[in-house]
Amino acid sequence: QKEVEQDPGPLSVPEGAIVSLNCTYSNSAFQYFMWYRQYSRKGPELLMYTYSSGNKEDGRFTAQVDKSSKYISLFIRDSQPSDSATYLCAMSVDAGGTSYGKLTFGQGTILTVHP
Amino acid sequence: DAGVTQSPTHLIKTRGQQVTLRCSPKSGHDTVSWYQQALGQGPQFIFQYYEEEERQRGNFPDRFSGHQFPNYSSELNVNALLLGDSALYLCASSLGAGVNEQYFGPGTRLTVT
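Residues numbered from 1 in each chain as written. Chains lettered and ligands numbered in written order. Predicted model: local features only at pLDDT ≥ 70, side-chain atom pairs only at ≥ 80, totals over all residues. Heavy atoms only, no water.

Draft legend 1. Inspection of the layout of surface pockets at higher detail. Here the largest pocket is characterised by a volume of approximately 420 Å³. Among the secondary structure elements, those contributing two or more residues to the lining of the largest pocket are strand 1 (4-6) and strand 10 (104-105) of chain A together with strand 4 (31-37) and strand 5 (44-50) of chain B. Considering every element that reaches the lining of the largest pocket, the biggest residue donor is strand 1 of chain A, with three residues. Class assignment of the residues belonging to the lining of the largest pocket gives a composition of seven nonpolar, 11 polar and four charged. (1 Å grid on protein atoms, 1.4 Å probe; cavity = no way out; pocket = protein on both sides within 12 Å on 5 of 7 lines; lining within 4 Å. Points joined across faces, edges and corners; volume = space filled by probe spheres on them. Helix = DSSP H or I, 4+ residues; strand = E, 2+ residues; numbered from the N terminus. Nonpolar A, V, L, I, M, F, W, Y, C, P; charged D, E, K, R; others polar.)

Here it is in structure tokens:
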């Protein structure tokens, strides 16, 4: 079983839709949670960075972390064609833990927003 | 503000050969991590360099080695290339070892034939 599971999709939505992307994980030591966006043939771009449980909002993006369920989500409101990309979740353990600073990624979800 | 840069953009090698990939971190960053991303998969951690030393290593064989220079730039070396080494190699930089807020470069696409 992989430490981080992410539905690869693909996910196709109309412009303006609310998109929900999710990851589950098995390692209870994960404390830091990130979402990256990766356009084709490019490197991942950091979108959201959160610590422990709770919500974080940045413009059209909202990240949620539920540590009790080992489940994280990224919501995109008013989705645009320019949001079409692969979205990767990533996680890391707390300071002092082994492998601190090592990011463990999900497989990535391919999202297409059509006009 | 210069972001993370990597060279070359892509290259083709033959099985058994050796390859060196290069990375310059984002301005102000002192830590470099390397990841391998196979097609359709998420990046996998190879190792991290801080203060010119390898600080952490993922589940990669010794054929994968690296180096960090005093100016914080880094190299990834892969010996005895296998077909399975074909992937996008990503460099990420951060400020301080063990920092999770990492910024990625565009990657080097390696094809092994």
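Having seen it, we continue.
Draft legend 2. Spatial organisation of the pattern of salt bridges. Residue and element names in this part refer to chain A. Summed over the entire model, instances satisfying the criterion amount to seven salt bridges over all chains. Across the pair Arg77 and Glu57 runs a salt bridge whose closest N-O atoms are separated by 3.5 Å. Of the two residues, Arg77 sits in the loop between strand 8 (71-76) and strand 9 (85-93) while Glu57 sits in strand 6 (residues 54-58), which places them 20 residues apart along the sequence. Classification of Glu57 as exposed rests on a relative accessible area of 59%. (Salt bridge = Lys/Arg side-chain N within 4 Å of Asp/Glu carboxyl O. Buried < 20%, exposed > 50% of the residue type's maximum accessible area, 1.4 Å probe, protein only.)

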